Structure formats: structure tokens, C-alpha cells
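What follows is the residue order along each chain.
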Amino acid sequence: MEMMHLKIELVDAQPNVTREVAVPTTYSFAQLHEVIQVLFGWEDEHLYQFYLPFKKLRIVSDEESSYEENTAFCLEVQLEDVLKPRNKFTYTYDFGDNWVHRITVGKITQEPYHHPRLIRWAGENACEDCGGIDRYNQLVKEKDASLKKRNKFDETYVQLRFEEMEDDEIYE
């Protein structure tokens, strides 16, 4: 299967929070959202959007918003239709806390997998609903006890969730 390599960085996180993953090129942006949720320990409780500056296109999770100009619904756009190596775009999750992720498209490879594959990672997950990146960085700096509530990054859990996605029929 054709796989697209993506480097995903949580913008302005200190220390750096980065994930590298390979995903099927046939995935929709809704499926990519699910991958990012697993990779960063998010709980999928908020709206999100992707922004592709090279196409001036917003891809949104709210179908009603998808009727706006230069906007598409996440279930209706596949990665292979709009992305190519070296493209850069953003994923914003939770418009209150405004978690911005910078995504860089790497190479396209042929692989035996039919599900996402974690390549490498750095940094622990942030905290859902903690007030955004500035507040999160402050909590890290202060070694605040509330950090214990976050979903710690667990490579084994991530890969198991990805393997489950191979049989996931939600988006088919």
C-alpha cells in the first residue's frame, strides 16, 4: 500500500513534541484527525480544522462550515488528492485552547501495512483543556502536579490503536 510519511509538531511546545508517522495515502482528513488524536493523546472532544496554505483550503470537521468558500468537509477529501512531498500545512484542535500542529509531508513509500505506522516520537503529550500551549509550557516549567493527569505517550498503545484502524469501517 502507498504510505505518506508525515512529521507532526505541536507548535511552540517546550520541550519539543513531535511525532512521525506513515499513513495510507487513501486516508481522508477525518482519518488523519483520528491518527493525530492517538499520536498526541487528545480525547477527541473538540472541533478541528486543517489549513493547506498552498491551496488556500480549509478542511473542517463541521459539515455546516464546509459550505463556506475555500472550505471542504474532512470526510470528502483524501490525502492523496491534495498533498505531495514537502507540502506543509496545519491542524488546529480545540478552538478554545487552540492547539496548532505543523505537518510536513515527507516521502511516499510502498509498504505492506494497511494502517498507520509510528516511525518515531519525541516529547510527552500535552494536557487536554489545560488552557493552550502557553499554559502548558508554564505547567511543564513549574513541574505542576496537574501534568500527571495527561495521557502519557505509550508507543505500544499507539501501535495497537493503529492496527485496529486497519479494520475500522467508520470512514468507508
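Preceding block: the structure.
Now for a quick tour of the structure.

Scoring rules and cut-offs
- Residues numbered from 1 in each chain as written.
- Predicted model: local features only at pLDDT ≥ 70, side-chain atom pairs only at ≥ 80, totals over all residues.
- Heavy atoms only, no water.
- Core = buried A, V, L, I, M, F, W, Y, C linked by side-chain atoms within 4.5 Å.
- Buried < 20%, exposed > 50% of the residue type's maximum accessible area, 1.4 Å probe, protein only.
- Helix = DSSP H or I, 4+ residues; strand = E, 2+ residues; numbered from the N terminus.
- Contact = heavy atoms within 4.5 Å.
- Arc of directions from axis to C-beta.
- Disulfide = S-S within 2.5 Å.

**Comments concerning the nonpolar core**
Taken as a class, soluble globular proteins show a tendency for nonpolar side chains to be buried jointly. Formed by 48 residues in total, the largest nonpolar core has its most connected members in Phe-29 and Phe-50. The element contributing the most residues to this core is helix H1 (residues 29-40), with eight residues. Dropping the residues within four chain positions of it, Phe-29 is found in contact with Phe-50, Leu-52, Ile-59, Cys-74, Val-77, Gln-78, Leu-79, Val-82, Leu-83 and Phe-89.

**With respect to helix H3 (residues 133-142)**
Listed as buried for H3 are Ile-133, Tyr-136, Asn-137 and Leu-139. The buried residues of H3 occupy an angular sector of 160° when the element is viewed end-on, so they sit on one face. The exposed residues of H3 that point more than 90 degrees off its buried face are Asp-134 and Lys-141. The first or second residue beyond H3 is Lys-143, which carries a positive phi of 55°.

**Structural notes on the state of the cysteines**
Taken as a whole and assessed by the stated rule, the structure comprises zero disulfides. Cys-127 takes part in no disulfide bond, and the closest cysteine sulfur to it belongs to Cys-130, at a distance of 4.8 Å. Among the residues examined, Cys-130 registers a relative accessible area of 17% and is labelled buried.

Worth remembering: the numbers are spatial, not functional.
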